[in-house]
Amino acid sequence: AAGQGTRLRPYTDNQPKCMVPYEGKPIIDHILEVQRECGIDDIVLIKGYCAEALDRPGTIHCENKNFATTNMVSTLFTAQEHIVGDVLVSYTDIIYRQEVLEKLLACDADIAITVDLDWRALWQQRMDNPLADAETLELGEEGEVLSLGKKPKSYDDIQGQYMGLIKLTAKGSDILKSHYNSLSREAHYDGKDFPNMYMTSLLQSLIDAGHRVQSVPIRGGWLEIDCPDDMEISLSAYSAA
């Protein structure tokens, strides 16, 4: 929850994106409600921009003080000491139904991500040209992710969209930390320097290193709140199947 949410201004002029109201309550409260309904109550909020405006009872706080010059992977590893045991990593600008999270939690793979197979239904509500904003995602025969996070040339390059939800077993947590800490700080990742690495770049580097990232297919049931128009889309109109 460290980003500045510039595309959601003026709503984010004085608060982080996750504090912007959607259907009557802040985005973060939608997320926390679903997580707690799924039995998750050991929750770490990683703050940055307007950190003082984000305070939720029953949560632990970490802070990326370099939020203005780093990206979400750096933010996540601000809380590296908490990446222990079974861990759920969630962006805080997405809203998802309980059944979406339940399906991910039921997957026993060491590293798993939700993948929306019906992503175009949502993207067509969000923008005139879905291809312009979507990212590539290729799956193997057993649902393993082969590649993701690049600029697509056509819809054939997109078998689904990565949502921003990652589940790790205890082994998966150890793999993620060990891999991240082994990466060169001098290299560039998909055109970004190490502090500004995208999460999809980190996942791809795991795949390239021989680690399995398993997809958990869903069909709707979530929203990304990235710009003001996204707040006009009803979650109930884009239901999970």
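None of these values were measured; they are calculated from a predicted model. (Residues numbered from 1 in each chain as written. Predicted model: local features only at pLDDT ≥ 70, side-chain atom pairs only at ≥ 80, totals over all residues. Heavy atoms only, no water.)

(A) Molecular detail of the overall build of the chain. Helices and strands together make up the secondary structure of the chain, namely seven helices and 14 strands. For the chain, whose C-alpha radius of gyration is 17 Å, the value lies close to the compact-globule estimate of 18 Å for 241 residues. Per-residue burial over the chain gives 53% buried out of 241 residues. By sequence separation, contacts in the chain at least 24 residues apart represent 68% of the contacts at least 6 residues apart. For the chain, the accessible area works out to roughly 11300 Å², and carbon and sulfur atoms hold 46% of it. Seen as two clouds, the 22 positive and the 38 negative side-chain charges of the chain have centres 2 Å apart. (Helix = DSSP H or I, 4+ residues; strand = E, 2+ residues; numbered from the N terminus. Rg over C-alpha atoms; globule rule 2.2 N^0.38 Å. Buried < 20%, exposed > 50% of the residue type's maximum accessible area, 1.4 Å probe, protein only. Contact = heavy atoms within 4.5 Å. Areas by Shrake-Rupley, 256 points an atom, 1.4 Å probe, with all protein chains shown as cover. Lys, Arg positive; Asp, Glu negative; His and termini not counted. Charge placed at Lys NZ, Arg CZ, Asp CG, Glu CD.)

(B) Local environment of empty space enclosed by the protein. Under the criterion given, the structure shown has one cavity of 30 Å³ or more. Approximately 40 Å³ is the volume attributed to the largest cavity. Together, Leu 76, Ile 111, Ile 166, Leu 168, Leu 176, Met 199, Leu 202 and Leu 203 line the largest cavity. Breaking the lining of the largest cavity down by element, the ones donating at least two residues are strand 10 (161–168) and helix 7 (199–208). With three residues, helix 7 is the largest single contributor of residues to the lining of the largest cavity. Class assignment of the residues belonging to the lining of the largest cavity gives a composition of eight nonpolar, no polar and no charged. (1 Å grid on protein atoms, 1.4 Å probe; cavity = no way out; pocket = protein on both sides within 12 Å on 5 of 7 lines; lining within 4 Å. Points joined across faces, edges and corners; volume = space filled by probe spheres on them. Nonpolar A, V, L, I, M, F, W, Y, C, P; charged D, E, K, R; others polar.)

(C) Here's a closer look at the sheet that holds strand 5 (residues 87–90). With respect to topology, four strands assemble into an open sheet ordered 5-10-7-13, the strand pairing being mixed. Where the open sheet ends on each side, the last strands, each with one partner, are strand 5 and strand 13 (214–218). Strand-to-strand twist of the sheet, defined as the mean angle between neighbouring strand axes without regard to direction, takes the value 25°. Here strand 5 runs beside strand 10; their pairing, made up of four bridges, is antiparallel. Looking at the pairing, Val 89 lines up with Ile 166 of strand 10. (Pairing = 2+ DSSP bridges. Axes fitted to C-alpha atoms, helices over the stretch in contact; angles between N-to-C directions.)

(D) Region of interest: unusual backbone geometry. Cis geometry marks the peptide bond from Arg 9 to Pro 10; its omega dihedral reads 10°. When you line up the elements, Pro 10 lands in the segment before strand 1 (21–22).

(E) Summary view of the packing of aromatic side chains. For the coordinates displayed, the defined rule picks out eight aromatic pairs. Geometrically, the ring pair formed by Tyr 49 and Phe 67 is edge-to-face, given 6.1 Å between the ring centres and 65° between the ring planes. Linking Tyr 49 in the loop between strand 3 (43–47) and strand 4 (59–63) with Phe 67 in the loop between strand 4 and helix 2 (72–76), this pair joins segments that are 18 residues apart in sequence. Centroid distance Tyr 91 to Tyr 162: 5.8 Å. Interplanar angle 90°. Geometry classified as edge-to-face. Note that Tyr 91 is positioned in the loop between strand 5 and strand 6 (94–96) and Tyr 162 in strand 10, a separation of 71 residues in sequence. (Phe/Tyr/Trp six-rings, centres within 6.5 Å; stacked < 30°, edge-to-face > 60°.)

(F) A look at the side chain of Lys 17. Along the chain, Lys 17 falls in the segment before strand 1. The class of Lys 17 is buried, set by a relative accessible area of 13%. A polar contact of 3.0 Å, which involves the side chain of Lys 17, links it to the side chain of Asp 93. Those residues within four positions of Lys 17 in sequence are excluded, and the remaining contacts are Gly 5, Leu 8, Thr 12, Ile 27, Asp 93, Ile 225 and Asp 226. (Polar contact = N/O pair within 3.5 Å; in protein donor to acceptor, adjacent residues only side chain to side chain.)

(G) Representation of the packing of helix 6 (residues 170–182) against helix 7 within the structure. Closest axis-to-axis distance for the helix 6/helix 7 pair is 11 Å, and the angle between their directions is 95°. Put simply, helix 6 runs roughly perpendicular to helix 7. In contact with Ile 175, Leu 176, His 179 and Tyr 180 of helix 6, helix 7 contributes Leu 202, Ser 205 and Leu 206. Taken together, the residues that form the contact of helix 6 with helix 7 break down as five nonpolar, two polar and no charged. (Parallel < 35°, antiparallel > 145°, perpendicular 65-115°, else oblique.)

(H) Up close: the confidence of the model for the chain. When pLDDT is averaged along the chain, the result is 93; 98% of the residues meet or exceed 70. The spread of mean pLDDT over the elements of the chain runs between helix 5 (residues 130–133), the lowest at 85, and strand 5, the highest at 98. (pLDDT = per-residue confidence, 0-100.)

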